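The primary structure of each chain is shown beneath.
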Amino acid sequence: MTTVALEVSEGVGTIRLDRPPMNALDIAIQDRLRELAEEAARRDDVRAVILYGGEKVFAAGADIKEMQAMDHAAMVVRSRALQDSFTAVARIPKPVVAAVTGYALGGGCELALCADFRIAADNAKLGQPEILLGLIPGAGGTQRLSRLIGSSKAKDLIFTGRMVKADEALALGLVDRVVPAAEVYEQARAWAAQLAKGPALALRAAKESIDAGLETDIETGLAIERNWFAGLFATEDRERGMRSFVEEGPGKAKFL
């Protein structure tokens, strides 16, 4: 039984993991994550996305028993599908926030890394413990973590496999905000709801310019930004935003 769903309300789509007790990310959940990420990307009624595992745990990693039964040949095939599932989440062309409660370890941490912003509970614990299994992160952790917090800090976490509490995660830049556990989803929804009211094409352009620019040299990044910037002058949202600024002052435009 697949235990992840997309729930949509007032422009915000919540991709909700629900596989008690630890939201282990088995193959069925990985594949469903990709499907739901692609659905959220194409649906006009989804303007921002929350990744959420419930009140107790975000996701404590992959299903180790399932992986233990796989040999090299099987994982050669599966590893690409695993990465593709997480990449689909990272490429949702809309603002994405991870609401992290409890454990976000291994694949759970890698899923949080796919978000644009991470709000963590004060009791959250994050980490990449794959080295303790004789492995390395395989769903993007070696790449996204190092890009987010720098290579030295990423190597510390990945080489040791240690967990970090919310306060250290905040200091490292692994999460962006720490709040009481009971407020995690509420604050994530407030963040998403605010951006859901914004100009969808401009938000997409900003996200793609930043993400694509990080993967290339600055001249190419500037070209990406320039093309998106000029292109937005053909949009209704740009006309609405500028007209509102001239007639009413800054910050009053309504884009829905």
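Anything mentioned here points back to the structure above.
Report follows, based on the coordinates. (Residues numbered from 1 in each chain as written. Predicted model: local features only at pLDDT ≥ 70, side-chain atom pairs only at ≥ 80, totals over all residues. Heavy atoms only, no water.)

1. Quick look at a nonpolar patch on the surface
Together, Met22, Tyr103 and Met163 make up an exposed nonpolar region whose accessible area comes to about 250 Å². By secondary structure assignment, the location of Tyr103 is in strand E5 (residues 103-105). (Patch = residues over 30% accessible without salt bridge, like charges linked within 9 Å, V, L, I, M, F, W, Y side chains within 5 Å. Areas by Shrake-Rupley, 256 points an atom, 1.4 Å probe, with all protein chains shown as cover. Salt bridge = Lys/Arg side-chain N within 4 Å of Asp/Glu carboxyl O. Helix = DSSP H or I, 4+ residues; strand = E, 2+ residues; numbered from the N terminus.)

2. Some remarks on helix H1 (residues 27-42)
Given a rise of 1.5 Å per residue, 16 residues ought to cover 22 Å, and the 23 Å separating the end C-alpha atoms of H1 matches this to within 8%. Listed in full, the buried residues belonging to H1 are Ile29, Gln30, Leu33, Leu36, Ala37, Glu39 and Ala40. Buried residues along H1 sit in contact with strand E1 (4-9), strand E2 (12-17), strand E3 (48-52), helix H3 (72-90) and helix H4 (107-113). (Expected span 1.5 Å × (residues − 1). Buried < 20%, exposed > 50% of the residue type's maximum accessible area, 1.4 Å probe, protein only. Contact = heavy atoms within 4.5 Å.)

3. Quick word on the sheet that holds E1
The pairing of strands in a sheet happens through backbone hydrogen bonds and is either parallel or antiparallel. Reading across the sheet, the six strands line up as E1-E2-E3-E4-E6-E9 and stay open at both edges, with mixed pairing between neighbours. Edge positions in the open sheet fall to E1 and strand E9 (177-179), since each of these has one partner strand only. Pairs of neighbouring strands in the sheet enclose a mean axial angle of 20 degrees, with direction left out of account. By the bridge criterion, six bridges tie E1 to E2 in an arrangement that is antiparallel. Paired with Ser9 across the bridge in E2 is Val12. In the packing of H1 onto the sheet, the strands contacted are E1, E2 and E3, and the crossing angle to E1 comes to about 20 degrees. (Pairing = 2+ DSSP bridges. Axes fitted to C-alpha atoms, helices over the stretch in contact; angles between N-to-C directions.)

4. Digging into the sheet that holds strand E8 (residues 163-165)
If you trace the three strands from one edge of the open sheet to the other, you get E5-E7-E8, paired in mixed fashion. In this open sheet, the two strands that pair with only one neighbour each are E5 and E8. Neighbouring strand axes in the sheet, compared pairwise and without regard to direction, differ in orientation by 20 degrees on average. Across three bridges, E5 lies against strand E7 (residues 125-127) in parallel orientation. When the sheet's bridge partners are listed, Tyr103 is paired in E7 with Lys125.

5. Here we look at the nonpolar core
Ranked by internal contacts, the top residues of the largest apolar core, which has 45 residues, are Ile15, Leu51, Phe58, Val100, Leu126 and Leu174. By size, the runner-up hydrophobic cluster in this structure holds 15 residues, among which are Ala99, Ile119, Ala121 and Val179. (Core = buried A, V, L, I, M, F, W, Y, C linked by side-chain atoms within 4.5 Å.)

6. Describing the pattern of salt bridges
Any two side chains of opposite charge can pair if their charged atoms end up close together. Under the criterion given, the structure shown has 16 salt bridges. Residue Asp63 pairs with Arg19 through a salt bridge whose shortest N-O separation is 3.1 Å. Of the two residues, Asp63 is situated in the loop between E3 and helix H2 (64-68) and Arg19 in the loop between E2 and H1; the sequence distance between them amounts to 44 residues. Of the charged contacts in the structure, one is a salt bridge between Asp31 and Arg34, with a shortest N-O distance of 3.6 Å. Remark: Arg34 and Asp31 occur in helix H1; sequence separation between them is three residues, near one turn of the helix. One salt-bridge network, in which partners are shared between bridges, spans Arg19, Asp26 and Asp63.

7. Section: the packing of aromatic side chains
Scanning the entire structure with this criterion turns up three aromatic pairs. Taking 5.2 Å as the distance between ring centres and 5 degrees as the angle between the ring planes, the aromatic pair formed by Phe117 and Trp191 counts as stacked. Of the two residues, Phe117 sits in strand E6 (residues 117-121) while Trp191 sits in helix H8 (residues 184-196), which places them 74 residues apart along the sequence. Like Trp191, Phe117 is buried. Look at Phe229 and Phe233: their rings are 5.5 Å apart centre to centre, the planes differ by 70 degrees, and that puts the pair in the edge-to-face class. The exposure class of Phe233 is partly exposed, given its relative accessible area of 38%. (Phe/Tyr/Trp six-rings, centres within 6.5 Å; stacked < 30°, edge-to-face > 60°.)

Bear in mind that shape data such as this cannot, by itself, settle questions of function.
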